[in-house]
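So the chains spell out like this:
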Amino acid sequence: MGDTSLRGGELKKMVKLSKKRAMSFAYCPAGSPQDDVFYIDRKKKPEVIGREARAESEGTKLGFGTVESTGRVMSLTCTRELPQMAKKLKKYLKLEKCPMNVIVLDADGNVLEEDIEDLPADPEMDADDADVVEDAAPAESGNDDAERVDALKARAVALQGAIKGAPSAAQAPLAKGYKSAIVALKGGDLDTADATMGKLEQAIAKLGNGAEAAAPPPPPPPSADPMAMKLQTAATNLGKRIEGLQDGDGKTRLETAHAALLTQIESGDFAKAAATAKALGEAITKVSAAQTKAAPSEEAASPEPTSEQAADPNASEDGQAWNAARARLEPAVMNLLERNMGDVSKMRAAWAFFTEKGDTGAFVDGMKVVPGLEKLIAEGEAAEQTDAEKDIPADVVPFVRARLGWSKARTQLQSEMMKLQNAILAVCQGEEFAGMANDTKALFSYLESLDDRLEAALEALVVEPDGARRETLKGDARKVLAEYQSELQTPFFKDVDANNGFTTVSVTGTATSALAEVDAVLAKAA
């Protein structure tokens, strides 16, 4: 090996520098972590140090881009990424006495993978965090901004502590927002830093972590933002339309929703304001049409939204029920349709009706087909089991049922993770969390380790006649089972069900129960 790869104290030094500004990196994993090549450079381009790292490495794969660190999280924005980069690099950093969590992003800032856990305290690495915040203030800030800069720095330090105390599942998105705030503060964009910290404080407060950061001052006037100006114009036009309506219950509800719209614009919540404006415009049209027909009874029955529903139709009770049903049913429906099990034509038609009604806000109509969908799913799963058990020896049936049980559990895991994803998106809203929909997709990567290898191992037992070969296959199945059970002991799976900070789910519980049933079958089978 050459001397390109960073080791020990030199590695720690460069990681600390990456907390102050972005730098180029290159990473070439080898057969074992001690042979990996990881290089950070302050001046050279990523492609240049990538060639140097490849020349030194014993491995054939190469990843490069830029690296920035916040606290104990290293973020790699990749021009070229590698499979399992987060996991492999984290092992290398730990080996070199520089333990860090790792997040891998693509060039657009979307999270590709991450390896996040609660790391043990490291006085040397943690002590540097305050220095980063101290250095974040731009040197050219004048005396007029000095007090504001000091206040923002104090809030940043408080936020660091609050993020470290947040549930593990919430730390990655919060750390990403924190990074944006520090970048803005470094660049002298105090308004953006102020607004971003405010959003983070609100998100942490919703998680119940009791963030003690000072309340942010009022946001800058919305007129300073082009989107705010556009929404303000739309709100003015909508207000004029409401004024032209006849007095009545419908007009009163619209006025309430219009007041909510103005509040959202003033607070800078432009995404929600845009949805409100759209819903409000449609509601005004309905009321106007009803009044034109001079049919008060129709106006009274018209489905104009309340202020809360206009702000977000999915926030209504009907919308929440529909979203919960979709998260619960979609994995099972897609699984059965893909494998052509059950009454596929009826299932496809019912699912199309359900999703179409929900997408247009007709949640009550969409929910009408849920009982039928549940029946079709049950029939499809029963048909699969009956078909699988047909014409097989009785002693093989337990293996068939164990395989189908684990397959069904994996579908349920997808459903539970969708529930968590929806809860995270409900909390982390606004421009500061742009791309969060893509970021939350990383949640499903944790399920990749609970793959279909156990199903394959159990299927092999089904088709293998009695004898020594079957005993060998049982051993193979037990090895996969033990690997899955070990995975469920990792920090993510320990926290995800009841300590994720957003909502209660049953990811680990579902997997643990299903694997216990498989374990019982393998132990009992002759």
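Not measured: the values here are computed from a predicted model.

Participant: So what about the overall build of the protein chain? Which residues, and what values?
Facilitator: Counting secondary structure elements, the protein chain contains 23 helices and six strands. When each of the 526 residues of the protein chain is scored for burial, the buried share is 47%. By element, 52% of the accessible surface of the protein chain is carried by carbon and sulfur atoms, the whole surface being about 25400 Å².

Participant: Could you give an account of the packing of aromatic side chains, naming the residues involved and the relevant values?
Facilitator: With the rule as written, the count across this model stands at nine aromatic pairs. With 3.7 Å between their ring centres and 0 degrees between their planes, Y446 and F492 make a pair best called stacked. Of the two residues, Y446 is situated in the loop between α19 (436-439) and α20 (453-463) and F492 in helix α22 (residues 491-495); the sequence distance between them amounts to 46 residues. Ring pairing ties together the aromatic residues F25, Y27, F38 and Y92, which thus form one cluster.

Participant: Break down a positive patch on the surface for me, with residues and values.
Facilitator: A cluster of basic side chains, namely K13, R21, R42 and K43, defines a positive patch on the protein surface. Within the secondary structure, K43 sits in the loop between β2 (37-41) and α2 (46-56). Overall, the relative accessible area of 80% leaves K43 in the exposed class.

Participant: Account for the side chain of S57, naming residues and giving values.
Facilitator: Structurally, the position occupied by S57 is in the loop between α2 and β3 (63-70). Taking relative accessible area as the criterion, S57 reaches 11% and is therefore assigned buried.

Participant: Go over the nonpolar core with me, naming the residues and quoting the values.
Facilitator: Core analysis: the largest hydrophobic core is formed by 64 residues, its most contacted members being L174, W406, L454 and F502. When residues of this core are traced back to their parent elements, those giving at least two are α6 (143-164), α7 (168-186), α8 (190-206), α18 (397-427), α20, α21 (468-487), α22 and α23 (508-524). Filtering out sequence-adjacent residues up to four positions away, L454 remains in contact with W406, A477, V480, L481, Y484, L515 and V518. In this structure, V15, M23, A86 and V102 belong to the second largest nonpolar core, which totals 31 residues.

Procedures and definitions
Residues numbered from 1 in each chain as written. Predicted model: local features only at pLDDT ≥ 70, side-chain atom pairs only at ≥ 80, totals over all residues. Heavy atoms only, no water. Helix = DSSP H or I, 4+ residues; strand = E, 2+ residues; numbered from the N terminus. Buried < 20%, exposed > 50% of the residue type's maximum accessible area, 1.4 Å probe, protein only. Areas by Shrake-Rupley, 256 points an atom, 1.4 Å probe, with all protein chains shown as cover. Phe/Tyr/Trp six-rings, centres within 6.5 Å; stacked < 30°, edge-to-face > 60°. Patch = residues over 30% accessible without salt bridge, like charges linked within 9 Å, V, L, I, M, F, W, Y side chains within 5 Å. Salt bridge = Lys/Arg side-chain N within 4 Å of Asp/Glu carboxyl O. Lys, Arg positive; Asp, Glu negative; His and termini not counted. Charge placed at Lys NZ, Arg CZ, Asp CG, Glu CD. Core = buried A, V, L, I, M, F, W, Y, C linked by side-chain atoms within 4.5 Å. Contact = heavy atoms within 4.5 Å.

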